[in-house]
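If you want the building blocks of each chain, they are given just below.
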Amino acid sequence: MTGKRNVIDTLPRPVVTLLSSLVAVLLALAICGVLLLVTGKDPLAAYRTILETGLTGNKLLEMLKRSTPLMLSASAVAIGFKMNLFNIGVEGQYLFAALIAAEFASRISAPPVLHVLLTLVVASAAGAFWASIAAMLKITRGINEVISTIMLNFISLSVMQWLFDNYMRDDSDGGLRVTTTEIAPSGQVPDIVDGRLNGMWLVALFVVFCYWLIVFRSKFGFRLRSSGLNSTAAQTSGIAANRMIVVAMLLSGAIAGLVAMQSVVGEEYAYGPQATPTGFGFAGIAVALLGRNHPVGIVVAAMLFGFLDSTSAVLQLSGIPNSIVKVIQAVVVITVVIVNEATSRYMNHRTAEQTAAALRADKVGT
Amino acid sequence: MRCGCVALCRGGVTVPQRGWVWQYLSMPDSAANGSASANGTAPAVELHNISKGFPGVVANRDISMTVERGTIHAIVGENGAGKSTLMKTLYGLHQPDSGTIAVNGTEVEFGSPSDAIDSGIGMVHQHFMLADNLTVLENIILGAEPATGGVIDSREAARQITELARSLGVEIDVNSPVAELGVGQRQRVEILKVLYRGAKTLILDEPTAVLVPQEVDELFENLRRLVDAGTTVLFISHKLDEVLAVSNRITVIRQGTTVGTVTPAEVTRRQLAEMMVGSDLPQPEPRTSEVSDRVRLEVKNLSVSRPGRRDLVHDVSFAIHSGEILGVAGVEGNGQFELCSALLGREHSNGTVAIDGKDVSHASVRDRKNAGIAYVPFDRQREGLMLTSSLWENNLLGQEEKFTKYGFVNVAAARAACREVISRFGVLTPNEDVPAFALSGGNQQKLVVGRTMSMNPAVLLAAHPTRGIDVGAQAAVWEEIRTARDAGLAVLLVSADLEELLGLSDRVIVMFEGSVVAELSPRDATPELLGSYMTGAKVAAR
Ligand SMILES: Nc1ncnc2c1ncn2[C@@H]1O[C@H](COP(=O)(O)OP(=O)(O)OP(=O)(O)O)[C@@H](O)[C@H]1O
Ligand SMILES: [Mg+2]
């Protein structure tokens, strides 16, 4: 393989992946630009607004803050993806966990750090519990987890409403508050940058790191990935499929349980149907896809989504529908898939050409 | 050592006479279908200076060959020589880096298999690609449904298929589900599927790898009928005797280039092998061993049942001693697969299984494996490999326990272990980082066998251990199995290759319709005798 080499081929694989993702984002912007044009808006003005507002210090901090739940949700989804399990129920899992953990944290008293840790453990346990229902249905009754987790999302909402209305709502001031009782200061996670970035961001980064360690470096992770790649071969080699399903679902649910904790222990210090953000379960699926289930990819993709989200309020002010942000996010997921495919084809084509060139050189030489 | 198969081919129902081929070469060209520019005597396929590379490997280098119409043309060569790559190029599965292809004298360019099919070229892959839950008819017309106004015309399709089957000389019920067919019949369905799409040139990649000699004879009898009618057959095989017996021409490929094209009359088996490997062949010597009286695997009254139907495995009992190889003869699909699955603990069964005196009848796959059982799978790709993962990860599968420290995989050690398998079993690969799909079929097999052997099992279930491995490397695998046997391993050897079976085994049992119908000593087991047991023509009292 001595033929002349193209610049792209000399780049290491991760760089090529990064470049191709960048191309995908630009492509998505172009497509959305056309959309804006068609609806009579000026795409350049819109993008300028996004960049100008997004690239300020405060907005960048907001981007990081917004990336917290996305990283967690994406990791939860990605663990399942790695063994072809589709946990569509992150939404229900994290909301349920948020309610339980908020109620738990408001009722106990403990020294500062321990209080938070216990709360997070309870959140994870609650998320894992909710996910375990789907796992059990799958291994005992063979029910597809896509269906059961979607259904459990609805059930989760009803159960929570019932719990909240009857047992957990704070009625100390005559029913004016629509949240759980406020968590004592010992159970609150302080900000890293006052009012802009909460400590839960670091927790999320740590969780992504653990995701990497477990899935890509541990024995369990090897078995998990093997089951996803070829379940027959995995089973033949002695990996118990049912056990893997249960453990993967529990882990996924445990991570999912943390998704809303930035809001619960870092911002609102309580759970409330209006106060606690929703929709991260589904955004997490997009982020995991965009990040290709890779920890670095997930962090970058979560920041990109966070960046776009952070600019959405300003867009509205300048007369551009802020739903364009959601459209860009959706289109990016699609273009990434397309660009990745094109890149791998291009790489194959280049190798073929190089080999042919090497062969011709060989012939001239002899 | 290699004489068994030839004798069987000669002794079988259909005796291929070397001379029969010549009539076709001089036969007036009946297959000229008047296609536009084709001239009447143009070869079916001409490959000119084909080259094809993959990352780090040149799989085909400047290959030229001509396939005359109405002939059976064999392609032989070592594992990784580039045979499958060349055939995939011809079938449009990938494009050559350089070189041209001409079909019936017209230069063509295939962007995809559908282009190749349009030019009358069809391919049957080594691993059958039929949908089990569909019927023969549905499988055949899938993707090429004859429809009038959006409605599939099944009656017309059935008529056409029956007609094609007749031209092939087979009887087939087009409405039976494919799941109920044996491997030989499935292969006929694959061939019919290709013919149904109008193929005039048929490519078969290792079509006989899992067929027992009778089935091989039947297959070639069918193919010969097609050839009589003007079809051209190109096939890859590692079984040199069969290649010499049935082909008109043989092209030998070595390290990506053609060494030459010969006729069977010109060469002996040995000469052919030498052309393939470039040197003399190692001759494995038959060797007897000391079978100890320590029982390592004991199976009693094992049955695998299906509700409402005949047992897949019916009341099978046997014991294998330390240092013993028990051969299992039988046409594929007579319970061998289910027997192995049950022994592995992958399939529910009744009866008892004990390893080294320890009852594992109800143990999980992992517990049985920890008790010392290891398995060379029937289908390396489906049961043994993660095709997109690197070789070292594939080698790790099943022994991750051994390479784990504090719950984390010791990557350096796992890589080293893989490198050792690569060198010990002669796996042809640039390094242990390439994905498994980048290995040729035979080299994938070597990796799977190597992985299994490196686990130092107490009991080995080996299904077709040399499936797809070339003659030179086969001897090495046999030697590995024998050495381990001498060191006390107990082996259950399932093989369609009677020579392998009789050459390695200390005892042979024959399975037919799920039951063990005979137990023989390899010395008494002539291919004819085995054949009559395997087809159910003869039943012995055990
Ligand atoms: N998709 C691929 N990517 C990279 N390398 C490949 C790929 N397919 C084949 N190769 C390489 O090309 C060479 C030829 O492979 P090929 O499958 O044609 O061999 P073969 O003659 O069919 O061997 P076998 O008898 O073992 O089936 C091998 O070195 C193999 O590793
Ligand atoms: Mg091959």
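Residues numbered from 1 in each chain as written. Chains lettered and ligands numbered in written order. Predicted model: local features only at pLDDT ≥ 70, side-chain atom pairs only at ≥ 80, totals over all residues. Heavy atoms only, no water.

Some thoughts on the pairing of strand β12 (residues 257–262) of chain B
Residues and elements named next belong to chain B.
Thinking step 1. With five bridges connecting them, strand β11 (residues 249–254) and β12 associate as antiparallel partners. Residue pairing across strands places Thr 251 opposite Thr 261, the latter belonging to β12.
Thinking step 2. The hairpin turn running from β11 into β12, its antiparallel successor, is two residues long, and Gln 255 in that turn takes a positive phi close to 45°. (Pairing = 2+ DSSP bridges. Helix = DSSP H or I, 4+ residues; strand = E, 2+ residues; numbered from the N terminus.)

Considerations on the nonpolar core
Thinking step 1. Among the nonpolar cores identified, the biggest contains 147 residues, and Met 261, Val 287 and Ile 328 of chain A together with Leu 391, Leu 460, Val 510 and Leu 530 of chain B are the most heavily contacted of them.
Thinking step 2. Among the elements that make up this core, the one with the highest residue count is helix α4 (residues 57–81) of chain A (twelve residues).
Thinking step 3. Excluding residues that lie within four positions of it along the chain, Leu 530 of chain B makes contacts with Ala 329, Leu 498, Leu 502, Val 508, Val 510, Leu 520 and Ala 525 of chain B.
Thinking step 4. Ala 157, Val 183, Val 233 and Met 276 of chain B belong to the second-largest nonpolar core, a separate cluster that totals 53 residues. (Core = buried A, V, L, I, M, F, W, Y, C linked by side-chain atoms within 4.5 Å. Buried < 20%, exposed > 50% of the residue type's maximum accessible area, 1.4 Å probe, protein only. Contact = heavy atoms within 4.5 Å.)

With respect to the packing of helix α8 (residues 200–217) of chain A against helix α9 (residues 219–229) of chain A
All names here are of chain A.
Thinking step 1. Running from N to C, α8 and α9 point in directions that differ by 65°, and their axes come no closer than 5 Å. The orientation of α8 with respect to α9, classified from their angle, is roughly perpendicular. Taking contact as the criterion, the partners of Ile 214, Val 215, Phe 216 and Arg 217 in α8 are, on α9, Lys 219, Phe 220, Gly 221, Phe 222, Leu 224 and Arg 225.
Thinking step 2. Taken together, the residues that form the contact of α8 with α9 break down as six nonpolar, one polar and three charged. (Axes fitted to C-alpha atoms, helices over the stretch in contact; angles between N-to-C directions. Parallel < 35°, antiparallel > 145°, perpendicular 65-115°, else oblique. Nonpolar A, V, L, I, M, F, W, Y, C, P; charged D, E, K, R; others polar.)

Let's talk about the pattern of salt bridges
Thinking step 1. With the rule as written, the count across this model stands at 28 salt bridges over all chains.
Thinking step 2. Between Arg 225 of chain A and Glu 393 of chain B there is a salt bridge whose closest N-O contact spans 3.1 Å. With one member in each of two chains, Arg 225 of chain A in helix α9 and Glu 393 of chain B in helix α14 (residues 391–396) form a pair that bridges those chains.
Thinking step 3. Its relative accessible area of 15% is what places Arg 225 of chain A among the buried residues.
Thinking step 4. On the basis of relative accessible area, Glu 393 of chain B is assigned to the buried category, the value being 15%. (Salt bridge = Lys/Arg side-chain N within 4 Å of Asp/Glu carboxyl O.)

Brief notes about the site of ligand 1
Residues and elements named next belong to chain B.
Thinking step 1. Around ligand 1, the surrounding shell holds 20 residues, and the nearest of these are Lys 83, Ser 84, Thr 85, Ala 438 and Gly 442.
Thinking step 2. Here an oxygen atom of ligand 1 sits 3.5 Å away from a polar atom, N or O, in the main chain of Gly 441.
Thinking step 3. Relative to its unbound accessible surface of 630 Å², ligand 1 loses 90% to contact with the protein.
Thinking step 4. Secondary-structure elements contributing two or more residues to the shell around ligand 1 are β2 (57–67), α3 (83–90) and α16 (441–453).
Thinking step 5. By residue class, the composition of the shell around ligand 1 is seven nonpolar, ten polar and three charged. (Near = heavy atom within 4 Å. Polar contact = N/O pair within 3.5 Å; in protein donor to acceptor, adjacent residues only side chain to side chain. Areas by Shrake-Rupley, 256 points an atom, 1.4 Å probe, with all protein chains shown as cover.)

Quick notes on the confidence of the model for chain B
Where the model shows low pLDDT, its predicted coordinates should not be examined in detail.
Residue and element names in this part refer to chain B.
Thinking step 1. In the predicted model, chain B carries a mean pLDDT of 84, and the fraction of residues at 70 or more is 89%.
Thinking step 2. Between residues 1–39, whose pLDDT stays under 50, and residues either more than four places distant or in other chains, the model counts 66 contacts.
Thinking step 3. Note on the complex model: pTM 0.82, ipTM 0.84. (pLDDT = per-residue confidence, 0-100.)

So, helix α10 (residues 269–277) of chain B
All names here are of chain B.
Thinking step 1. Every buried residue of α10 is accounted for by Arg 269, Leu 272, Ala 273, Met 275 and Met 276. Each buried residue of α10 sits inside an arc of 155° when the element is viewed along its axis, so together they form one side.
Thinking step 2. Taken together, the buried residues of α10 touch β3 (72–77), α9 (240–246), β11, β12 and α17 (471–486).
Thinking step 3. Backbone geometry just downstream of α10 places Gly 278 in the positive-phi region, at approximately 80°. (Arc of directions from axis to C-beta.)

Considering the packing of aromatic side chains
Residues and elements named next belong to chain A.
Thinking step 1. Evaluation of the coordinates by the stated rule reveals nine aromatic pairs over all chains.
Thinking step 2. Judged by centre distance (6.0 Å) and plane angle (80°), the ring pair of Phe 164 and Tyr 271 falls under edge-to-face. One end of the pair, Phe 164, is in helix α7 (residues 145–168); the other, Tyr 271, is in the loop between α12 (261–266) and α13 (280–290), with 107 residues separating them in the sequence.
Thinking step 3. Overall, Phe 164 belongs to the buried group, its relative accessible area being 4%.
Thinking step 4. Residue classification places Tyr 271 among the buried residues on the basis of a relative accessible area of 7%.
Thinking step 5. Aromatic side chains Phe 209 and Trp 212 sit 5.8 Å apart centroid to centroid with 35° between the ring planes, which places their arrangement in the tilted category. Here the residue Phe 209 and the residue Trp 212 both occupy positions in helix α8, the gap between them amounting to three residues, near one helical turn. (Phe/Tyr/Trp six-rings, centres within 6.5 Å; stacked < 30°, edge-to-face > 60°.)

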